[in-house]
Structure formats: structure tokens, C-alpha cells
Amino acid sequence: MGAGRRINIKKNSQSNHWWSELLSEKILFFTPGPTYVHPRILRALSRPVEPHSYRGFIEKYKVTLQKLKALFKTEGEAFLFAGSGTLAQEVMILNTIKPGDRVLCLVSGFFSSRFKDMVLRAKGVPKVVERLDGRGFMGKEVEKLVKRDNFKAIAIAHVETSTGVASYIDEIGEVALKHGVKLLVDAVASLGAMDVRVDKWGITICGSCSQKGIGAPPGCTLIAVNKQFVEELEKRDHDVPTFYGDLKMWLNVVRDPENYHSTQPTSLVYAVDEALNMIFEEGLENRFKRHEVIAEAIRAAIRASGLRIFAKKGFEANTVTTVHKPDNLDSVKLRSEIECLGVVIARGSGPFRYTTFRIGHMGWITPSDTLALVSSLQLTLRRMGCNPKRDMVKAALEVLASSTLR
Ligand SMILES: Cc1ncc(COP(=O)(O)O)c(C=O)c1O
């Protein structure tokens, strides 16, 4: 290039920086789902599409369900069909609640608040206990509520993705078992990234999906039920108010995939299966530890910046961090500025849409991705005149350096 000659920079129509094309397939998604999908999973997805009645697919589906049972930690049954996390929530309610049944709905944010409407549509009677102060639910307080009423079921989100708040499902499960109440757990934002133990924790039915902690593309509903509930399904002599989501009908399919209830998302089953292979190759304990350390590094960076984390101590999820937005920070601009660096974070959700922003950290995220996120956030905050109080990168580095992640 001759001296003084000006380079004609072509700007992308979507964006005001010239390297957006360079970033287009290199984006770091720190979103609370869908999350980054590893190329191994993409390759599994790219196989020729198979019919659900094809012998090869049937064998794959059977082994995938076995791996899912191991991930949910149940001796009961696992289900996988086309759908999403919302469908998982609805299927849990519609398969357990009869008209007039009282359901304790424990709400720690937007997603768990939807159980109430689902119970009403099943003609049940929801009793909502809402807590939006950054604390999740623990066993003792739930026991007090259960003792006072005659609940058929408790519905709760393990991790509430809008607030980044986690609840103590193990303790609540003990209460549910002791008082003979069914426990319905939304593990949409925990399964595959945080420990979920259906049998040990006394969970009756647990719902999740493919696109979050498991790190596969969106499109699958994942459900697990314990042995007692399998027996109930077998004996059930009434119809439930959903045909597609009727678990008794799906039981015929998961036990013998030659049976038909609805066309399976065959390519996605291959993707979920490969994700499960990778999860078990990493090892569940290692995987949960990786999520814990990365979450702690991100929280340390946020604290160093002077911003406030929504979840109170002891209730922080290891999959998503919701951050209070100071009045002087434009969160739309924050998201668009950090996107220019190739990092995507999420806006607030539900009632906190305009007062928070969220960082998802689940799936295939590595320590180096984490450092890229933290340094990009620090740079963006500085550029926006919201100077971090302390060095965010140093805070994250200290957590990573003192961890066993190496
Ligand atoms: C805790 C929780 N439950 C349910 C859902 C709904 O899942 P989906 O968007 O896949 O329907 C979400 C989605 O983010 C979630 O985070």
C-alpha cells in the first residue's frame, strides 16, 4: 500500500465495524441458551436425515435414552421428543395434576412464574409463593408451607434463568418425600451443567431441553421420571389434557422405539447423543466443577467491577449470572458494544428486563473463553465511561489460577 493511500473500508450493513464478517463464525455466546454448539455435535447433526422407523435410528435412540437416564440420575425412565423447555414444564404439570389439585408454585423469577398459568390451564389450584429478592427456596421454609396445606405437588425451577437464582432441590425433595407430595422440577438451566439427581433428591418428574447445559441445538424436550411415577403412568386409567405430551403414550415409544406417537427429531437425537458422549467423556464431576469455577470467576469479575449480582450468596447458579444495571448504564448499548468485540450476552428477562443484564455460562465454555468475556466486558464498560472499580480480569484470573482447571 503506497504511503498516504487510503484504504477503502467496506462496512457491513448490519454493523458499523469492518471486521464483523471476520467475527461472524467466531462469536462467543455467553447467553443463557441456546449455547455454543461444539463442532463434534455439529458434525453429528450433519448426517443424512434418517426416518424414525429406520433400524439405525432406533438403536441410536435407545442408547441416547440410557445416557439421558444416567445424566438425570434415575432408574425410572427418560423421554426425549421434539419440543422445548416450555413444553417440558407443561408436560410435567399436565401429566401430574387433576382438576382441583392444589399445587405449590415456588417462584424465583419469570420462568418459574409460568407454572401458575399452566396449573390453571390444567384446572388445578395454584398457591404461588413468590420471592424476587435474589434468594431461592430451601427445605425448612417449604416444609412449613407444605404442613399448612394439602398439596398434590410442588413445582419449582432448579435454576431460575431470569434471576440467576438456584434453589436447594435436595432439601425440598426430602420434604416432598416425607409429606407424600410430588416434586416437579424445571432443570432447563441446570441439567448437564449442575448436578441433578432425580432419584436421590426425591424428584417425581424433571424437565429440561437440549439447548442449554447440554450444549446441543434447540429442538428437544428432555424429561425424566422416577420409578414410582413410571408405575403410576402404567396404571393410569384417565386421559390427561394433552395428546402430544401424554407421557403414558410416550412410554410405549421409549420402551420400544418401533412404536409411533409422533415423528422424532431424528437429526437432533444424533446431536444430543454426541453431546452426551462428550459430557460423559469429560466426566460429570469434572463438568460440574468446570461450571462452578467459571461461574465463580465471572462473579469475581462482576464484584470487582462494582456492579451487583442479583442472586444472594448461597443461591448463585453456576450457569447464569444476572447483574443489576446501574442507572447510568445503557444496557442495550452495552450489549451492542460488546457484540462488536465478538461476545454476546443477554438482556434482562421478565420483570427485570430493563433493570438487569445476564451472562450465561453453560455448556462448552472454557477458561480462555471466560477471560475473553471478562476482558471484553471490562473494555466495554470503560469505553462507556463506567470505569470498573478494580481490575475485573485480575479478579477472574485469581479464581482460575487457584482452581484445579488446568
Ligand atoms: C428455567 C427455564 N424454564 C423454562 C424455559 C423455557 O424454555 P424454552 O425457551 O426452551 O421453551 C427457560 C428458557 O430459557 C428457562 O430458562
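This structure is a prediction, so every number in the text was calculated from the model and none was measured.

The full count for this structure, using the stated rule, is 23 salt bridges. Between Glu 141 and Arg 131 there is a salt bridge, with the nearest N and O atoms lying 2.6 Å from each other. You can see Glu 141 sitting in helix 6 (residues 139–147) and its partner Arg 131 sitting in the loop between strand 4 (125–130) and helix 6, a full 10 residues away along the chain. Since its relative accessible area comes to 16%, Arg 131 is described here as buried. One salt bridge in this structure joins Arg 255 and Glu 234, with 2.7 Å as the shortest N-O distance. Residue Arg 255 is located in helix 9 (residues 247–255), and its partner Glu 234 is located in helix 8 (residues 227–235); the two are separated by 21 residues in the primary sequence. Residue classification places Arg 255 among the partly exposed residues on the basis of a relative accessible area of 44%. Among the charged side chains, a network of salt bridges with common partners joins Arg 40, Glu 274 and Glu 281.

Here we come to the domain arrangement of the protein. Here the protein is partitioned into domain 1 (20–32 + 283–401) and domain 2 (40–280). Between the C-alpha centres of domain 1 and domain 2 there is a distance of 28 Å. Of the residues lining the interface, 26 residues belong to domain 1; the matching set on domain 2 comes to 36 residues. Across the domain 1/domain 2 interface, buried area totals approximately 2,400 Å², and carbon plus sulfur atoms make up 63% of it. At the boundary of domain 1 and domain 2, one finds 0 salt bridges. Taken together, the links from domain 1 to domain 2 amount to 16 residue pairs in polar contact (both at pLDDT 80 or more). Broken down by secondary-structure element, the contributors of at least two residues to the side of domain 1 that touches domain 2 are helix 11 (284–305) and strand 12 (320–324). When residues of the side of domain 1 that touches domain 2 are assigned to their parent elements, the largest contribution, 5 residues, is made by helix 11. When its residues are assigned to classes, the side of domain 1 that touches domain 2 shows 12 nonpolar, 9 polar and 5 charged.

Our focus in this paragraph is the sheet that holds strand 9 (residues 205–209). Read from one edge of the open sheet, 7 strands run 2-10-9-8-5-3-4, paired in mixed fashion. If you trace the sheet from one side to the other, it starts and ends with strand 2 (77–82) and strand 4, each paired once. Between one strand and the next, the sheet's axes are offset by a mean angle of 20°, whatever the strand orientation. Here strand 9 pairs with strand 10 (residues 220–225) via 5 bridges, running antiparallel. By the bridge assignment, Ile 205 is partnered in strand 10 with Val 225. The strands touched by helix 5 (residues 110–121) are strand 3 (102–107), strand 4, strand 5 (153–157) and strand 8 (182–186); relative to strand 3, the strand with the most contacts, the crossing angle is about 160°.

Tallied over the full model, the rule gives 7 aromatic pairs. Aromatic side chains Phe 110 and Phe 111 sit 5.0 Å apart centroid to centroid with 75° between the ring planes, which places their arrangement in the edge-to-face category. Overall, Phe 111 belongs to the partly exposed group, its relative accessible area being 24%. Just above the ring of Trp 364 sits the side chain of Arg 287; from NZ or CZ to the centre is 4.3 Å.

Following the sequence through the fold, Ser 402 ends up in the segment after helix 14 (392–401). Distance in space between the C-alpha atoms of Ser 402 and Val 293 is 9.5 Å, their sequence separation being 109 residues.

On the surface, Lys 127, Lys 140, Lys 144 and Arg 148 cluster together to form a positively charged patch. With respect to the helices, strands and loops of the structure, Lys 144 is situated in helix 6.

Right, let's talk about the site of the ligand for a bit. Surveying the vicinity of the ligand reveals the residues Ser 84, Gly 85, Thr 86, Gln 89, Phe 111, Arg 114, Val 159, Thr 161, Asp 186, Val 188, Gln 211 and Lys 212. Between the ligand and Ser 84 there is a distance of 3.0 Å, counted from an oxygen atom to a side-chain nitrogen or oxygen. Contact between the ligand and Gly 85: an oxygen atom at 2.8 Å from a main-chain N or O atom of the residue. Listing elements by their share of the shell around the ligand, those giving two or more residues are helix 4 (85–94) and helix 5. In terms of residue count, the dominant contributor to the shell around the ligand is helix 4 (3 residues). Residue composition of the shell around the ligand, grouped by class: 3 nonpolar, 6 polar and 3 charged.

Cut-offs used in this document
- Residues numbered from 1 in each chain as written.
- Predicted model: local features only at pLDDT ≥ 70, side-chain atom pairs only at ≥ 80, totals over all residues.
- Heavy atoms only, no water.
- Salt bridge = Lys/Arg side-chain N within 4 Å of Asp/Glu carboxyl O.
- Helix = DSSP H or I, 4+ residues; strand = E, 2+ residues; numbered from the N terminus.
- Buried < 20%, exposed > 50% of the residue type's maximum accessible area, 1.4 Å probe, protein only.
- Domains from an automatic or database assignment.
- Contact = heavy atoms within 4.5 Å.
- Buried area = accessible area lost by both parts, 1.4 Å probe.
- Polar contact = N/O pair within 3.5 Å; in protein donor to acceptor, adjacent residues only side chain to side chain.
- Nonpolar A, V, L, I, M, F, W, Y, C, P; charged D, E, K, R; others polar.
- Pairing = 2+ DSSP bridges.
- Axes fitted to C-alpha atoms, helices over the stretch in contact; angles between N-to-C directions.
- Phe/Tyr/Trp six-rings, centres within 6.5 Å; stacked < 30°, edge-to-face > 60°.
- Lys NZ or Arg CZ within 6 Å of the ring centre and 35° of its normal.
- Patch = residues over 30% accessible without salt bridge, like charges linked within 9 Å, V, L, I, M, F, W, Y side chains within 5 Å.
- Areas by Shrake-Rupley, 256 points an atom, 1.4 Å probe, with all protein chains shown as cover.
- Lys, Arg positive; Asp, Glu negative; His and termini not counted.
- Charge placed at Lys NZ, Arg CZ, Asp CG, Glu CD.
- Near = heavy atom within 4 Å.

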